[in-house]
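Reading the structure
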Amino acid sequence: MRVFVILPAAGMGTRMAAGSHAAAPKQFLSIGGVPVLVRSVKAFLDVPRVDAVCVAVRSSERERVEAQFQEFRLGPRVHMVEGGDNRQESVGNALAALECDDDDVVLVHDAVRPLIDAGTIERTIDAVARHGAAIVGLPAVDTIKQVERTADGAIITATIPRELIVLAQTPQGARVGLLRRVFAEAAADGFTGTDEASLLERAGVEVAVVAGSARNFKITQPGDIELAEFYLHQAAVAGAR
Ligand code: C5P
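Worth saying up front: this structure is predicted, and the values here are computed from it rather than measured.

This brings us to the overall build of the chain. Helices and strands together make up the secondary structure of the chain, namely seven helices and 11 strands. Computed over C-alpha atoms, the radius of gyration of the chain comes to 18 Å, within 12% of the 18 Å expected from 2.2 N^0.38 for 241 residues, which places it in the range of a compact globule. C-alpha atoms of the chain, sized along the principal axes, occupy 50 × 45 × 40 Å. Per-residue burial over the chain gives 46% buried out of 241 residues. In the chain, the proportion of contacts linking residues at least 24 apart, taken out of those at least 6 apart, comes to 72%. For the chain, the exposed area adds up to about 12200 Å²; of that, 51% sits on carbon and sulfur atoms. Between the mean site of the 25 positive side-chain charges and the mean site of the 31 negative ones, the chain shows a separation of 4 Å.

Time to look at the pairing of strand β4 (residues 50-57). The buried fraction of β4 amounts to seven of the eight residues, a majority that puts the element mostly inside the structure. Across six bridges, the pairing between strand β1 (residues 3-8) and β4 is parallel. Residue pairing across strands places Phe 4 opposite Ala 52, the latter belonging to β4. Bridging between β4 and strand β5 (residues 78-82) involves five bridges; their strand directions are parallel. From the neighbouring strand, Cys 54 faces β5, where its bridge partner is His 79. What joins β4 to β5 is helix α2 (residues 62-71), and the crossover it makes is right-handed.

On to the pairing of strand β9 (residues 153-160), then. Bridge analysis of strand β8 (residues 144-150) against β9 gives seven bridges, and the strand direction is antiparallel. Following the sheet pairing, Arg 149 is matched in β9 by Ala 154. Between β8 and β9, which pair antiparallel and follow one another directly, the connecting turn spans two residues.

In the region of the ligand, 16 residues are neighbours, and Pro 8, Ala 10, Gly 11, Gly 84 and Ser 90 sit closest. In this structure, Pro 8 approaches the ligand through a main-chain N or O atom, which is 2.7 Å from an oxygen atom. At 2.7 Å, a side-chain N or O of Ser 90 approaches a nitrogen atom of the ligand. Relative to its free-state accessible area of 460 Å², the ligand is covered by the protein chains to the extent of 85%. Among the residues forming the shell around the ligand, the class breakdown is five nonpolar, five polar and six charged.

Our focus in this paragraph is the packing of helix α3 (residues 87-97) against helix α5 (residues 176-189). For the pair α3 and α5, the least separation of the axes is 11 Å and the interaxial angle reads 135 degrees. The orientation of α3 with respect to α5, classified from their angle, is oblique. Two packed elements cross with a definite hand, and for α3 against α5 that hand is left-handed. Each of Gln 88, Val 91, Gly 92, Leu 95 and Ala 96 in α3 lies in contact with α5, whose residues at this interface are Leu 179, Arg 180, Phe 183 and Ala 186. A breakdown of the residues in the contact of α3 with α5 according to their chemical character gives six nonpolar, two polar and one charged.

Here we take up unusual backbone geometry. At the junction of Thr 170 and Pro 171, the peptide bond is cis and its omega measures out at 10 degrees in the coordinates. Looking at the element boundaries, Pro 171 is found in strand β10 (residues 166-175). A positive phi angle, close to 45 degrees, is found at Arg 73, a residue other than glycine. Counting through the fold element by element, Arg 73 comes out in the loop between α2 and β5.

What the rule picks out here adds up to 11 salt bridges. A salt bridge links Glu 196 to Arg 87; the nearest nitrogen and oxygen atoms lie 2.5 Å apart. With Glu 196 in helix α6 (residues 196-202) and Arg 87 in helix α3, the pair connects residues that are 109 residues apart, well separated along the chain. For Glu 196, a relative accessible area of 2% translates into the label buried. Put simply, Arg 87, Asp 110, Arg 113 and Glu 196 are held in one network by salt bridges that share partners.

What follows is about the environment of Ala 208. Counting through the fold element by element, Ala 208 comes out in strand β11 (residues 208-211). Assessed through its relative accessible area of 17%, Ala 208 is described here as buried. When near neighbours in sequence (up to four residues on either side) are disregarded, Ala 208 contacts His 131, Ala 133, Ala 134 and Ile 135.

Calculation notes
- Residues numbered from 1 in each chain as written.
- Predicted model: local features only at pLDDT ≥ 70, side-chain atom pairs only at ≥ 80, totals over all residues.
- Heavy atoms only, no water.
- Helix = DSSP H or I, 4+ residues; strand = E, 2+ residues; numbered from the N terminus.
- Rg over C-alpha atoms; globule rule 2.2 N^0.38 Å.
- Buried < 20%, exposed > 50% of the residue type's maximum accessible area, 1.4 Å probe, protein only.
- Contact = heavy atoms within 4.5 Å.
- Areas by Shrake-Rupley, 256 points an atom, 1.4 Å probe, with all protein chains shown as cover.
- Lys, Arg positive; Asp, Glu negative; His and termini not counted.
- Charge placed at Lys NZ, Arg CZ, Asp CG, Glu CD.
- Pairing = 2+ DSSP bridges.
- Right-handed = clockwise from strand over helix to strand, strands pointing away.
- Near = heavy atom within 4 Å.
- Polar contact = N/O pair within 3.5 Å; in protein donor to acceptor, adjacent residues only side chain to side chain.
- Nonpolar A, V, L, I, M, F, W, Y, C, P; charged D, E, K, R; others polar.
- Axes fitted to C-alpha atoms, helices over the stretch in contact; angles between N-to-C directions.
- Parallel < 35°, antiparallel > 145°, perpendicular 65-115°, else oblique.
- Left-handed = near helix turned anticlockwise from the far one by under 90°.
- Salt bridge = Lys/Arg side-chain N within 4 Å of Asp/Glu carboxyl O.

This is how it looks when you write it as structure tokens:
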């Protein structure tokens, strides 16, 4: 059983545009001197069981990404494919390009979650090997409300017991054959999901959940780069103790 990783990194980062880091999509911003995408790739390369990492990027970003990969010496386990118009298309392009067997494991990870740790990656691989499909999810700590959107904002329609809720993070993974099948079914039905699990769920596949952490957050809005630097600083201080 080999392990492959897909990093969709072809987003435009439009939610970031209003902030102080307007120049680049968020996956190319720097955290402590290292680009977000490079940090994400390295996190997976640090896990010896990972055979290869496939990054989906826009063709206009290819040169920039190649230069970053060389500068940080990411080595021959990293490959690139062309991204698509949405996350699902980017992942689909990478999934089609993988040279692997149906029972190999593939994990998909948002390029903009650079603080994923080796332990969580290992536990996700193990859960996919055991259950066929698994994602990282963060248990909800806030009380969760269902709402109806109104012209003024929203009105609460129900309270959902928070013990029934996890917030979907990544990595999200499955056996390659299974993920390829649900991607093909989604394409045939014209369904576009915001994560891999939604494609697996609609096909009736049981997806296991591995505990995530607040640290594995998605760089989304202005201030998130500083938050990531804070987490890294905290980890460095704890390591020096
Ligand atoms: O936009 P969102 O934050 O959901 O993006 C999640 C991940 O999907 C990011 O790493 C982003 O670069 C990637 N993405 C992609 N292709 C797109 C849109 C998003 O690879 N067309």
